[in-house]
Amino acid sequence: MLQADYSLRKYNTFGFDVRARIGCLIRSEADFISLRADRHIVEMPRIVLGSGSNVVFTRDFDGLALVMDLRGRRIVSQTNDAYLVEVAAGERWHDFVNWTLQQGMPGLENLALIPGTVGGAPVQNIGAYGLELVERFESLRALDMIDGRIIELDAQACEFGYRDSIFKRVTRNQLIILSVVFRLPKRWCARKAYADVSSRLAVSKISEPTARQIFDVITAIRREKLPDHTVLGNAGSFFKNPIITNEQFSVLQKKEPDIVFHIQHDGRVKLSAGWMIDRCGWKGRSIGTAAVHKNQSLVLVNYGGATGEQVVALAQEIRADVSQRFSVKLDIEPLVI
Ligand SMILES: Cc1cc2nc3c(=O)[nH]c(=O)nc-3n(C[C@H](O)[C@H](O)[C@H](O)COP(=O)(O)OP(=O)(O)OC[C@H]3O[C@@H](n4cnc5c(N)ncnc54)[C@H](O)[C@@H]3O)c2cc1C
């Protein structure tokens, strides 16, 4: 089960050729019992990995890499309003979304084609095309690697935020997500306000789309807009869209009248990181084989042979330029090791 000098190449979507001191593919929850029996293993630095689609390795990992491959999905129960569906952490996210639609349970279609596993999805509260995971989340089960207890956490305990949760902060690599329960509404209503989605539907003359049609439209848009990480290494958006106060925004908008923004529920203003990176002239530029994607300024790519260090160095140059021009700090979205 434990393997020394474990290659992580296929467990990071940048395709970096890095290794962990020890690696372990977790196929059953019982695997943790034997792992926890070894104090040396429990005390080692550890990283939990799903598909590595939100991780940047800048070096080998001198510790234990746990690769989650737990499988299984089931309808737990249903009420008048919703289906409750439980799915194991190692299931592919996109396959799970597809399966829910096959079962006649819409609600997750806007999150189609996001790479990664179900267990990785709550960690950054994945979101796309007008929907965030938290809106369909009921609870999750997690193993505490320190004391071996399995606990259940609801949305409040997970402290979900914009591309954020407790798992990115306090409990990183301590709480291991084993399975997630989703609440899928029976009175489903299409989320189609996102500009790309509504215009595609309009072109196809679809005014009352089914969940499957939304799934298909979003899958098609993503295939066109985003590089396929199996062909061109990347981790999706490399930066979060920054959120600033209304006062900061008023000052900024005077300087940059055409700046792209969205007002948030709490009155703060979310800026488009991609737009700002474009304005700084970074689209398509590269340092060696680490580059800003030619169509998507938010996505940094590995044209082959780049290292994590080079990608992070590129990101730092972009951040410096954005900070200088807009006085805005860009936060890096993936976990940098
Ligand atoms: C092309 C592309 C497009 C993307 N598009 C989007 C998008 O639209 N929206 C979006 O939100 N994200 C997007 N992402 C980012 C990424 O796909 C998601 O964050 C995904 O949920 C990560 O899942 P993973 O299994 O690959 O996690 P990993 O990358 O393996 O891990 C990410 C983090 O989660 C932790 N983790 C993973 N599994 C567990 C577990 N079982 N228990 C505890 N911690 C765990 C890891 O330790 C790490 O901190 C995109 C990525 C790519 C490559």
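Structure's up top.
In this text the structure is predicted, and so the values were computed from the model without any measurement. (Residues numbered from 1 in each chain as written. Predicted model: local features only at pLDDT ≥ 70, side-chain atom pairs only at ≥ 80, totals over all residues. Heavy atoms only, no water.)

Asker: I'd like a rundown of the sheet that holds strand β19 (residues 299–302), residues and numbers included.
Answerer: On the basis of which strands lie adjacent, the open sheet formed by four strands has the order β13-β19-β18-β17 and antiparallel pairing. Each of the sheet's edge strands pairs with one partner strand only, and the pair in question is β13 (233–237) and β17 (286–287). In this structure, β17 lies alongside strand β18 (residues 290–292), joined through two bridges in antiparallel fashion. Each residue of the ladder has a partner; that of Ile 287, found in β18, is Ala 290. With respect to the sheet, helix α9 (residues 308–326) is in contact with β17, β18 and β19, its orientation differing from that of β18 by roughly 35°. (Pairing = 2+ DSSP bridges. Helix = DSSP H or I, 4+ residues; strand = E, 2+ residues; numbered from the N terminus. Contact = heavy atoms within 4.5 Å. Axes fitted to C-alpha atoms, helices over the stretch in contact; angles between N-to-C directions.)

Asker: An account of the pairing of strand β10 (residues 137–144) is requested, with residue identities and associated values reported.
Answerer: The buried count for β10 comes to six of eight residues, which makes it a mostly enclosed element. Where β10 and strand β12 (residues 175–185) come together, seven bridges link them in antiparallel fashion. Counterpart to Asp 144 in the pairing with β12 is Leu 175. The turn joining β10 and strand β11 (residues 150–154), which pair antiparallel and follow one another in sequence, is formed by five residues; a positive phi near 80° is taken by Gly 148. (Buried < 20%, exposed > 50% of the residue type's maximum accessible area, 1.4 Å probe, protein only.)

Asker: Summarise the packing of aromatic side chains; cite the residues concerned and give the values.
Answerer: Counted according to the given criterion, the structure contains twelve aromatic pairs. With a centroid separation of 6.1 Å and an interplanar angle of 5°, the aromatic rings of Tyr 6 and Tyr 11 are classed as stacked. Owing to a relative accessible area of 13%, Tyr 11 belongs among the buried residues under this scheme. Taken together, Phe 14, Phe 16, Phe 238 and Phe 239 form an aromatic cluster joined through their ring pairs. Positioned over the ring face of Tyr 83 is Lys 186, at 4.9 Å from the centre of the ring. The ring of Tyr 162 has Lys 270 lying over it, and the distance from NZ or CZ to the ring centre is 4.0 Å. (Phe/Tyr/Trp six-rings, centres within 6.5 Å; stacked < 30°, edge-to-face > 60°. Lys NZ or Arg CZ within 6 Å of the ring centre and 35° of its normal.)

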